[in-house]
Each structure stands twice: as C-alpha cells, then as structure tokens.
Amino acid sequence: MRWGYHLPRASWGSGFGRALQPPDERIPFLIHWSWPLQGERPLGPPRAFRRHHGNLADSAPRSGRHGRLFPSASATEAIQRYRRNLAEWFSRLPREERQFGPTFALDTVHVDPVIRESTPDELLRPLAELALEHQPPQAGLPPLALSQLFNPDASGRRVQTVVLYGTVGTGKSTLVRKMVLDWCYGRLPAFELLIPFSCEDLSSLGPAPASLCQLVAQRYTPLKEVLPLMAAAGSHLLFVLHGLERLNLDFRLAGTGLCSDPEQPEEPAAIIVNLLRKYMLPEASILVTTRPSAIGRIPSKYVGRYGEICGFSDTNLQKLYFQLRLNQPDCGSGSGVSAAPAQRDNLVQMLSRNLEGHHQIAAACFLPSYCWLVCATLHFLHAPTPAGQTLTSIYTSFLRLNFSGETLDSTDPSNLSLMAYAARTMGKLAYEGVSSRKTYFSEEDVCGCLEAGIKTEEEFQLLHVFRRDALRFFLAPCVEPGRPGTFVFTVPAMQEYLAALYIVLGLRKTTLQKVGKEVAELVGRVGEDVSLVLGIMAKLLPLRALPLLFNLIKVVPRVFGRIVGKSREAVAQAMVLEMFREEDYYNDDVLDQMGASILGVEGPRRHPDEPPEDEVFELFPMFMGGLLSAHNRAVLAQLGCPIKNLDALENAQAIKKKLGKLGRQVLPPSELLDHLFFHYEFQNQRFSAEVLSSLRQLNLAGVRMTPVKCTVVASVLGSGRHALDEVNLASCQLDPAGLRTLMPVFLRARKLGLQLNSLGPEACKDLRDLLLHDQCQITTLRLSNNPLMAAGVALLMEGLAGNTSVTHLSLLHTGLGDNGLELLAAQLDRNRQLQELNVAYNGAGDTAALALARAAREHPSLELLHLYFNELSSEGRQLLRDLGGAAEGGARVVVSLTEGTAVSEYWSVILSEVQRNLNSWDRARVQRHLELLLRDLEDSRGATLNPWRKAQLLRVEGEVRGLLEQLGGSGS
C-alpha cells in the first residue's frame, strides 16, 4: 500500500410532499429528490454559496419576471413554496457527510468540475480498448463554464437541449444538485421554473400511462396551480433529467408515437421522448445527465450541445477542494473535540505538496469522488472518530455513494448490479495482484480478468458498457517513470478492498471446487431416489456391495463441504500471515502507512534510492475482517453484493482458528496495533474477546497514538474482563484527550507506563480521576519524562490520597523542582500504600530533598526513595546518606552509585535509566552529574582496602566512563 469531492448520488422517488422528518439513520442514503411538495416548509436565509470555476447565475435575479409569466399572486406564492421545499430537500445531508461537523453544508465547499464541449463526430469515434486515458480537448473547443451551457452554439443557434455525460465518479449528481439549489436561491434568473426528474424514478413506474402534468403534480404538489401555464413559460422552463441511462428510449415513430399534449396519458418513456423531440413543449429547455454508454439513446439531431464532465483535470481544482473541505472550522466537533487550525493547515499543505509533485494521487483525484474519499480518510485518521465508524465502512459507504441502485445496463434483462459486476471482474484482478504481490498491471492482465468466461454476445455488451462507464473509476494509467503502458488501481487501498470483497463474496473458486460443487449438487438431487432403489434391490438380491455404494453416495456432499472448508482455512492462513508479516523497509502500523501514502511521506526503506522489491498488503486482512461485520454486509447487500450469513460465519471461524494460533506470539508494537485494528474493523466483541483472551501485555511503545488509534485500542480492549499485567504507552505522543479515550483500558492495567509523552498539568486531571476510580487496579505508574511540574503533582497527590492500589510511582524528570518535592513531602502521608517513589533528575536542592527524605522515613509503607541526579551539594548528599543509616526501618534513600565505600545495590537501576534517556535528556547536565558520580566512585575506591569492593567499584567506573564517552566527555 503506497499512498473524492463528490456529492452523494441522488436517486429520486415518490413521496416528496410528505412531512419532512429530521435526518435519521433509518433514512435511505440515496436521497429521493422527486417527492411531491405539499404545504409550506420553513426555510431560513439561504446559505451563501462559495462559487468556484463558473456559475450558472451570470446576473442578479431580475424583478418583475413572475408578474409576466405567472401573473396571479397565488401562482407566484406556489412557485415560492416550491422553491423553499425543493431547497430544503436538496440541502439534506447523508450520514456520510455528517461526520465533517454539525454545521457542514455541501453548498459551502462546492467546486465545479471541468466540462469539455464535445461534438457528435467525436462521440461516434471508436474508443480505445481500455479507454482509461483522458482525451485532451480538441482545438477550438475550450472548457465550458456552467453559465455557458445554454449559450448559443458556434452557428448562433439557440441551444435548448444539453446532454452532460461522464463516467462514474465525475460529479454528475453534484452539478444537478448545484443547479437546483442555484435556482431555489434565485441565482439562476434565466429560468422561471425548474422541474427535476429522476430517470430511475420514472423507470420504476413501468408502462403505466400518466401525463406530464400528472407526473409533475404527483411529485411537486405546489405546482398544480401553475401547470396550465407551463406552455407559456417557453425557454424559461427548464427540465432536468438525471440519469438517462435508467430509461429505455425508443425514438422510432413505430415504437413511440407523437404526442404534444402535456395532459395526454402516456408511458413515462414516451413523454421523455416527445420532450426531447421538441414535439411536446417545444420551447422548453432540457438538461440531461447520463453515463457515456447511453449517449447514443438520444439521436444527435435532438441535442444542441454535448458536454463531457471531466472531473478535476486541473490540479488547482483538487487543491481548492481540499482546502475548503479540510478547513471546515467545526470539523470533528460532533465528537466534542475539533482539530486545531494549525493541524488542519498542515494537512492541507502536505497534501498540496504531494499533488504538486504529480504523484499518482493527483491522477486519482482527477475524479471528484476520490477527492471525497481522500478527505474522509484523512478525517478518519486525524479527527475524533464517530462511534462505529471504521475504515472499511468508509470505503463501503464510498461505493454506496457512487453505485447504489446502479445497474450495469438497463436494456439487459438480467438487471445486473454494476457493483456486483465490478466485484467479479475488478475483484479478480485485485486478488491476483495481492496473491502475486504486485500493484502494476499490464493491458493483458486487465483484459484477461475482464474477458474471463465471456462467451455470449450479451456478455460482450455488458463488458463494453462497463469499460465505458466504470473502468476509469477503478483503474488509472500509471504516471510513475519507468512504467509506461501499465495501470494501477485508482487508490492503492481500493485494490486491497476489492481483493477482500472478492474473497468474502465467495467468487474465488478453484477448478476442483467448481467441479465438486456441480457433482455434489447432482448427487444431492438424485441421491434420495437412488438410495431408495438400492435399498429395495439390496433386500431382493444378495448384493453385498450395494450398502457400500449407498453409503458412498451419502459421503459425496460431506467431502465437498470439507474441500470448501479447507479452502477457507487456506485463505484465513494467508490473511493472518499477511497481517503478521514484518517488512524490513516498511514496518509502520497500517494507519500510519495509509496517512503517509496520502500526504506523501515515505517511510524508511532498506534501500532509500530504490523502490521496494516486495509490496505490502497489510490492509487486505483488515478489509476482510471489516467486510464480515454486520453493518458492511447490510450495505453491500444494497449494492447487489450480498454475503450469506453462513459464509460469513464459516469465514470468521476459519480466521479465529488461525488467529488463535499465531496471535499468542509476542508482537512488535506496530504489529500489535495492526492486530487490534483488525478486531476494530471486524466490530464483533465476542469474537475479539475469545481471540484476545490470552493477551496480558499491551506494549505499544513508540506508536504515535492519534485519536483514531486511541479509539481502536479502547474499543477493542476496553470491554474485556481479564486484567492486563502491563500497558506500555511510552513515547506515544499522547495528549489529555487520548488519556480520556483510553480510560477503560487503563482501568484493566496493573502496570501503566506513560513515559515520554509530554503530558503536562492538564493531563494530571485525568490521571487523578483514574486513580480515584473505584475500579482502578494500577500498582505501578510510570510518568517519567513528562513536564508535570508542581501543579501536576498537586493533582496527582489528590488522586493518591484516595487510591489504594498504587505501590510504585515514578516521577523521574518531571520538572518538579523544589516546590514539587516540598509539596510531596507535605502530602506524602495522605497515601498509606506507596512502597517506591522515584523523583530523580528533578532539579531539586538540598532543602527540598531532605524534607522529602524525612517524610519518606516516617511513611509507614514506603521502602525506597530515588533522589539521584538532583542539584545536591556534597554536604547534601552526605546528609541524605546519614539520614538513611540513622535508624533501622524506614525508606532507603538512593542518591548516588555508592553507599559508603561499597557500590550501591541500585547502581544498575541508575545507569540503565541514564542509558535509556541519554538522547532525550540535557547532555551537558547529564555529563556533569555523571562526573560527580565518577568522583564519588573514585573516592570510595580510594577509601577501601577490600579487594572485592575495589573490583566492583572499578567495574561501575568503567560503565560510567563508557556513558561519558557516548556524551563526548573525557571519561578519565
């Protein structure tokens, strides 16, 4: 794995006039635009659009127009009601867009895609075999702005019918939505009445006759009063026909008769044909959107202008889109926390630099829909994650945005889902790439997967439609140097998603499985009859072989079932091995890999100047687990790709069996996070609890814990029942929000390590709440190398005062100073269970250190106090040594590597702390302290005559000199 703005697809159905309910998760994602408008809906002040790259409104709304076309006050009021209700419905957000914030609105971030005018001759030109390359515009045909769609053509003739076409994902629905909202807010003064129709809705009516007036009145009730005036509107009436590929139009007179009466009942397809013929309402303007394969359904003599929607072929449009989408001020505020402006700006800048470098991501973002996917992925990686949202669900929702309800060819009787066809063909290519560990495909590779198994003319026709309409959505020409003529999946992660989908749908079958299934089905059908005949023959004739044959017939289906089970186990084995596969050159966790691929940050490689010899597909197992979750299976069923419950169960059992074996091994931190991310994608708490029941140590040291990673860990491990012996989150860049998210995991931990996380006094509020929780079972709390300061320690002491579990507390190098140690000395007696306290390297002087040492001596349970590397004088160190030996019992005070003339038994603890933090501590300060310790060792060695002690002291001196040499000191 190495490395859109697309509005949700609109599908219009009946019922617009019903009372509009608040957005709700039960509302189908495909918003139906043609519900009849009934009654008046309150509509606040229209939201100000940000207009980029063209506008249909080239002048301010002209006053007095309604007075001429719709003279009555009631007609004018009906039009205004219609505008308000239409605007309210078109402004509704799907669930996928609500993740960007509660005040996010599609009209505030709209960027117009490039529209290239084309000619009928160009449309009739044969396409290349793969048709993946974007054709440059012809000379003399500059890009069209939306305001120019209905301008006179080159001959000066008025344009009444415009056909906009584009492949899946180029933004056809976006443009329609924008035009409708423009008209609703008065920014489209050229048209006094705009009536949108969904061809999907019209096709669902079948052959039932209805007049044009009936179709309009059923869907837009407020327009009943102005229907008689439609003919008088002339060119100021605009019909929008969205998704023409859904209708089977027949322009032959023998197939569709002429009809000019809007009140004459006809089949919906016949009404559309007569509108396009300009036989019905000949002065009306018509805008049609369609996929490329359906352009030929309208004879070119009825079309005034063709426009190809080319997406964001200009990189500046991509950058503008990302700036608008990612700089939303309330992005993520639905979760209570919003991304900082500096973080949002940084993401935009990194993404812009990657686009400017002409990387493969720029070729992917040619399609506005992939711009949406990039933004949704970055939002998932860097903003607080909504409950239940997974990476797999983002990709599944992305496909639902583009393919829900889409059939491959409406003229084909099979009515095959476009997504199902893509899963079979593109999924096969994706899986073969994952199996052979490659991401670059030749034209022969692509054609081999597309044409596999095609035998009939109908199948070739379906392939032709898929190539024209959807192939560019999944594959893009490779723009990397040295790989001419090759293709890659538009987004690298899409290859792994489709490969996983190909597996979980059961589309991968070996020859043995195919033959075995047919034989098993045949035997199953005739087995009962054959068994009955053999049973009768066995009673009449003394044939001893018949019972054996009878039993063999029963065994055949079982043998086939075992073959299928072995295949599932093999896939599960490959998936688990991929998940736990360590790469020498790319061993970041999978979430960091995905973020780096989008933002253009490359991880360390074995040979920095050469590309990796082997590809990494660590997202493939994550997507396999995610696709088996109930939510994603429900969405896939809507796309025509149902996953059977029994298949999902058997796949999950095979995966659990393999995970149970390999999941018990100790994993590196990044691989352990990948393991937890797999369970998060699967969204099955029972499955995760069984597989992770043996996990006792959670070591994620060094993993950058972003909000989504904290959510992953808390979601997977927060509900477990068994205790975790140790949770190590050292050097994870944790912040207070991350601490709050991980609180359920901390409550299960016995040892908690939070070193090197830059946690300040604010984080101590959350740590105090953790210590005061009645389920807290932490015995060891390590907070070293965090700037807690004295204010933070005051909060920690409040927590320790009510805590009964903590026995070991490390506050090494936490910036306490004299104030912090004095505060500890004053409040140490409020806790009665503490056994070890480390406050070394805190810049404290003699007075504060002595006060804390005296308090420690009087503490009933404290056994050990670490005070080395503080700013202690020779006299102060001697006083502390004397205090430690003044009486029996009480806490031992460690201030040096020596105790009298002997080596301290804690010398290795002190030096190991120095060695571990050598690169993060102040080198000059550490060097000064080591020189003092070295002087103490030399003095002790000179004061003793015991050869054994001298040898020990010499050994420790050598260790200290070695550390000084690492720091650049003399060591002598």
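All values derive from a computational prediction rather than experimental measurement. (Residues numbered from 1 in each chain as written. Predicted model: local features only at pLDDT ≥ 70, side-chain atom pairs only at ≥ 80, totals over all residues. Heavy atoms only, no water.)

Undergrad: I keep staring at the side chain of Arg 748 and nothing clicks. Help me out?
TA: You can see Arg 748 is positioned in the loop between α30 (743-746) and β12 (749-753). Comment: no salt bridge for buried Arg 748; closest opposite-charge side chain is Asp 725, at 9.5 Å. At 2.3 Å, the side chain of Arg 748 forms a polar contact with the backbone oxygen of Leu 717. Residues in contact with Arg 748, not counting those within four places in the same chain, are Leu 717, Gly 718, Gly 720, Arg 721, His 722, Ala 723, Leu 724 and Gln 777. (Helix = DSSP H or I, 4+ residues; strand = E, 2+ residues; numbered from the N terminus. Buried < 20%, exposed > 50% of the residue type's maximum accessible area, 1.4 Å probe, protein only. Lys, Arg positive; Asp, Glu negative; His and termini not counted. Salt bridge = Lys/Arg side-chain N within 4 Å of Asp/Glu carboxyl O. Polar contact = N/O pair within 3.5 Å; in protein donor to acceptor, adjacent residues only side chain to side chain. Contact = heavy atoms within 4.5 Å.)

Undergrad: Help me understand the nonpolar core, please; the structure alone is not making it clear to me.
TA: As a rule of thumb, nonpolar side chains are buried together in soluble globular proteins. One finds Phe 466, Leu 811 and Leu 867 to be the most contacted residues of the largest nonpolar core, which totals 182 residues. Beyond its immediate stretch of four places on either side in the chain, Leu 811 contacts Leu 783, Leu 788, Val 793, Leu 796, Leu 816, Leu 824, Leu 837, Asn 838, Val 839, Ala 840 and Asn 842. Core analysis: the next-biggest nonpolar cluster, separate from the first, contains 73 residues, Ile 115, Tyr 165, Ile 295 and Ile 309 among them. (Core = buried A, V, L, I, M, F, W, Y, C linked by side-chain atoms within 4.5 Å.)

Undergrad: Teacher, can you tell me more about the pattern of salt bridges here?
TA: Opposite charge on two side chains permits pairing when their charged atoms draw close. The tally for this structure, following the rule as stated, stands at 39 salt bridges. Here Asp 201 ties to Arg 219 by a salt bridge, and the two come within 2.6 Å at their closest N and O atoms. Here Asp 201 is found in helix α6 (residues 199-204), whereas its partner Arg 219 is found in helix α7 (residues 212-219), with 18 residues between them in sequence. Across the pair, Arg 219 and Asp 201 agree in class, each one buried. Among the salt bridges present, the one from Arg 467 reaches Glu 451, with a minimum N-O distance of 3.1 Å. You can see Arg 467 sitting in helix α17 (residues 457-469) and its partner Glu 451 sitting in the loop between α16 (443-450) and α17, a full 16 residues away along the chain.

Undergrad: I tried to follow the packing of aromatic side chains on my own but got confused; where do I start?
TA: For any two aromatic rings, the description comes down to two numbers: the centre-to-centre distance and the angle of the planes. One pass over the full model with this rule turns up 29 aromatic pairs. With a centroid separation of 5.5 Å and 75° between ring planes, the pair formed by Phe 150 and Phe 191 is classed as edge-to-face. Here the residue Phe 150 occupies a position in the loop between β2 (143-144) and β3 (161-165), and Phe 191 occupies one in the loop between α5 (172-184) and β4 (193-198), the gap between them amounting to 41 residues. When its relative accessible area of 17% is taken as the criterion, Phe 150 is described as buried. (Phe/Tyr/Trp six-rings, centres within 6.5 Å; stacked < 30°, edge-to-face > 60°.)

Undergrad: Even after reading the chapter, I still don't get the pairing of strand β6 (residues 285-290), so can you show me in this structure?
TA: Regular strands have side chains that alternate between both faces of the sheet. Summarising burial for β6: 6 of the 6 residues are buried, a large majority. Residues Ser 285, Leu 287 and Thr 289 line one face of β6 and the alternating positions Ile 286, Val 288 and Thr 290 line the opposite face, and both faces are buried. Inspection of the sheet shows β3 paired to β6 by 5 bridges, in the parallel sense. Bridging across to β6, Val 163 finds its partner in Val 288. Relative to β6, strand β5 (residues 237-242) runs parallel, the two being bridged by 5 bridges. Across the sheet, residue Phe 239 finds its bridge partner in β6, namely Ile 286. (Pairing = 2+ DSSP bridges.)

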